[in-house]
Amino acid sequence: MALNLGSGWKVDYVEFNPDEKKLHIFISTVKGSTFECPTCWNQAPIYDHGRERIWRHLNFFQFDYV
């Protein structure tokens, strides 16, 4: 829920390393899902995938507590 993934995505697995203070979340597309084309805005299935990418999000769990 914290990642706000759409219905076409799923979390495959999670790795947490407390010594390095790193959380790795591996996601992929759900088989059969369709996504909006950025050019024509129509829904279409994914037929290929790009290279694996890594996003760095600092302070993911640094929420304000009330």
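Here the structure is shown first, and the text comes after it.
So, here's what we can say about the structure. (Residues numbered from 1 in each chain as written. Predicted model: local features only at pLDDT ≥ 70, side-chain atom pairs only at ≥ 80, totals over all residues. Heavy atoms only, no water.)

A separate point is the overall build of the protein chain. Each helix and strand counted, the protein chain has zero helices and four strands in total. Element order for the protein chain, N to C, with α for helix and β for strand: β-β-β-β. For the protein chain, long-range pairs separated by at least 24 residues make up 12% of all intrachain contacts whose partners lie at least 6 apart in sequence. Looking at the protein chain as shown, the accessible area adds up to about 6,900 Å², and 54% of this sits on carbon and sulfur atoms. (Helix = DSSP H or I, 4+ residues; strand = E, 2+ residues; numbered from the N terminus. Contact = heavy atoms within 4.5 Å. Areas by Shrake-Rupley, 256 points an atom, 1.4 Å probe, with all protein chains shown as cover.)

A separate point is the pairing of strand S2 (residues 22-29). Looking at chain direction, strand S1 (residues 9-17) and S2 are connected through eight bridges and run antiparallel. Across the sheet, valine 14 pairs through a bridge with isoleucine 25, a residue of S2. As consecutive antiparallel partners, S1 and S2 are separated by four residues, and within that stretch lysine 21 has a phi angle of approximately 55 degrees, a positive value. (Pairing = 2+ DSSP bridges.)

Bringing a nonpolar patch on the surface into the picture now. On the surface, Leu3, Leu5, Trp9, Val11, Val14, Phe16, Leu23, Ile25 and Ile27 cluster together to form a nonpolar patch covering roughly 750 Å² of accessible area. Elements with a contribution of two residues or more to the nonpolar patch: S1 and S2. For the nonpolar patch, the leading source of residues is S1, giving four residues. Here leucine 3 shows up in the segment before S1. (Patch = residues over 30% accessible without salt bridge, like charges linked within 9 Å, V, L, I, M, F, W, Y side chains within 5 Å. Salt bridge = Lys/Arg side-chain N within 4 Å of Asp/Glu carboxyl O.)

This part is about the packing of aromatic side chains. Aromatic ring pairs are described here by two measures, namely the spacing of the ring centres and the angle between the planes. Scanning the entire structure with this criterion turns up two aromatic pairs. Look at tyrosine 13 and phenylalanine 26: their rings are 4.2 Å apart centre to centre, the planes differ by 15 degrees, and that puts the pair in the stacked class. Here the residue tyrosine 13 occupies a position in strand S1, and phenylalanine 26 occupies one in strand S2, the gap between them amounting to 13 residues. Overall, phenylalanine 26 belongs to the partly exposed group, its relative accessible area being 23%. (Phe/Tyr/Trp six-rings, centres within 6.5 Å; stacked < 30°, edge-to-face > 60°. Buried < 20%, exposed > 50% of the residue type's maximum accessible area, 1.4 Å probe, protein only.)

On the secondary structure map, threonine 29 appears in strand S2. Once residues lying within four places of it in the same chain are set aside, the contact partners of threonine 29 are Gly8, Trp9, Lys10, Phe35, Ile46 and His49.

Take it as geometry only, folks, not as evidence of what the structure does.
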